[in-house]
Amino acid sequence: MRSGLVNSGKLPQNETMSSGVPDVSVVIPVHNEVESLPHLLEAIASALRASQLSYEIICVDDGSTDGSAQLLKEQAQRRSDLKAVILRRNYGQTAAMAAGFNYALSQVIVTLDADLQNDPADIPILLAKLEEGYDLVSGWRQNRQDGAMKRLLPSKIANWLIRSSTGVNIHDYGCSLKAYRAELVADMNLYGELHRFLPALAYIEGARITEMPVRHHARRFGRSKYGLWRTFRVLMDLLTILFMKRFLTRPMHVFGLLGLVSIVLGTALGIHLTWVKLATGENIGNRPLLFLAVLLLLTGVQLFCFGLLAELQMRTYHESQGRPIYRVREVVKNSDQ
Ligand code: UDP
Ligand code: MG
């Protein structure tokens, strides 16, 4: 497996390191993991050295209070394979990962957790899979070693929801151990807790995605940073992603349609009430139907205007960043042309 990657030709061996660009950047968000870090760094170094890949480890300290930052700084001065990025405060795992991506030099990026729950020995296996022509290879913790609370309900439901609604058919969104092509990561903007939706975001960007079973270990040191509250945040992020996936470039199709339906219903009720008033002389001033008609009309107009504003926003979003609304995988042409 390992030699397959090394000999595949796409990731040249240590020669790239001479130009200062390693074969792979390993990005790790760190929040209060001081006991795990020394073991982690050693495990990554030995896994990647064994596969003869040049690498850099980028540890992003996300506002730790247990001395993790200090340890990382010392280690970064001592070893040439480690870059320590120290954030000013705790911004959350997504922001820490985004920071790591920004400092990564390689064409290939691997992410994993700092708590030794992911196994660095799996990195070369993911890289070999990436070389088969994928843009993202996601780890799948088939034998997940977390408490039942975490493993069963929230995670199963979240994974099922994400899988069925985004259309990206992988089992384990929550697994941090993933390998990506750097150009893919550069195309994605991360907000909120969106790191677990990276495969879905990548899918929106047209990436080729697959998964590989990986090992998973119980936490040896420290505590998990998340509780049940995370499920709610994941669900809210899922709604954002769904909206982005379906309607990012055409918000008027949602809001315009809803607005139109509302306006048509409101108008129909209004006409009906006017007819009742004129034809029968009946008093309509205190009828609930009148309130409904007014409510529908107002809501309809609001939704319509909101859709138009969203269209403007969307154009600003794409044009201000020079983001085209499509992604080209490759362009093939005859060299004579
Ligand atoms: N983490 C972080 N910032 C945070 C919370 C977590 O950088 O605000 C890091 C943490 O140090 C670990 C990874 O994100 O490397 C995953 O966190 P954790 O292991 O607590 O999550 P779990 O495995 O319980 O889902
Ligand atoms: Mg963990």
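What you are looking at is a predicted structure, and each value in this text was computed from that prediction instead of being measured. (Residues numbered from 1 in each chain as written. Chains lettered and ligands numbered in written order. Predicted model: local features only at pLDDT ≥ 70, side-chain atom pairs only at ≥ 80, totals over all residues. Heavy atoms only, no water.)

Asks: Please give an account of the coordination of the magnesium ion (ligand 2) that cites residues and values.
Replies: Each donor-metal-donor angle would ideally measure 109.5 degrees in four-coordinate tetrahedral geometry, or 90 or 180 degrees in six-coordinate octahedral geometry. Within the first shell, the magnesium ion (ligand 2) binds the protein through Asp115 (OD) and Gln117 (OE1), at distances of 1.9 to 2.0 Å. Both residues of the pair, aspartate 115 and glutamine 117, count as buried. (Donors = N, O, S within 2.8 Å, 3.2 Å for Na, K, Ca; no water. Buried < 20%, exposed > 50% of the residue type's maximum accessible area, 1.4 Å probe, protein only.)

Asks: Talk me through the pattern of salt bridges; I want residue IDs and the actual numbers.
Replies: The full count for this structure, using the stated rule, is 14 salt bridges. One salt bridge in this structure joins lysine 83 and glutamate 56, with 3.3 Å as the shortest N-O distance. Of the two residues, lysine 83 sits in strand β3 (residues 82–86) while glutamate 56 sits in strand β2 (residues 55–61), which places them 27 residues apart along the sequence. Here arginine 181 ties to glutamate 131 by a salt bridge, and the two come within 3.5 Å at their closest N and O atoms. A residue pair is termed long-range when its members are at least 10 positions apart, and arginine 181 in strand β6 (residues 178–181) and glutamate 131 in the loop between α6 (123–130) and β5 (136–141) qualify at 50 residues. Across the pair, glutamate 131 and arginine 181 agree in class, each one buried. (Salt bridge = Lys/Arg side-chain N within 4 Å of Asp/Glu carboxyl O. Helix = DSSP H or I, 4+ residues; strand = E, 2+ residues; numbered from the N terminus.)

Asks: How would you explain the sheet that holds β6 if you had to name every residue and give the values?
Replies: Taken together, the 7 strands give an open sheet; going across it, the order is β3-β2-β1-β4-β6-β5-β7, and neighbouring strands pair in mixed fashion. Each of the sheet's edge strands pairs with one partner strand only, and the pair in question is β3 and β7 (209–214). Averaged over all neighbouring strand pairs, the angle between strand axes comes to 20 degrees, with direction disregarded. Alignment of β2 against β3, held across 5 bridges, turns out to be parallel. Across the sheet, the residue bridging to isoleucine 57 is leucine 82, located in β3. (Pairing = 2+ DSSP bridges. Axes fitted to C-alpha atoms, helices over the stretch in contact; angles between N-to-C directions.)

Asks: Let's hear about helix α3 (residues 36–50): which residues, and what values?
Replies: Between its first and last C-alpha atoms α3 spans 21 Å; for 15 residues at 1.5 Å apiece the expected length is 21 Å, and the two agree. Those residues of α3 lying buried are Ser36, Leu37, Leu40, Leu41, Ile44, Ala45, Ala47 and Leu48. Angularly, the buried residues of α3 cover 170 degrees about the axis, an arc narrow enough to put them on a single face. Its buried side turned inward, α3 meets β1 (24–30), β2, α4 (68–78), β3 and α6. (Expected span 1.5 Å × (residues − 1). Arc of directions from axis to C-beta. Contact = heavy atoms within 4.5 Å.)

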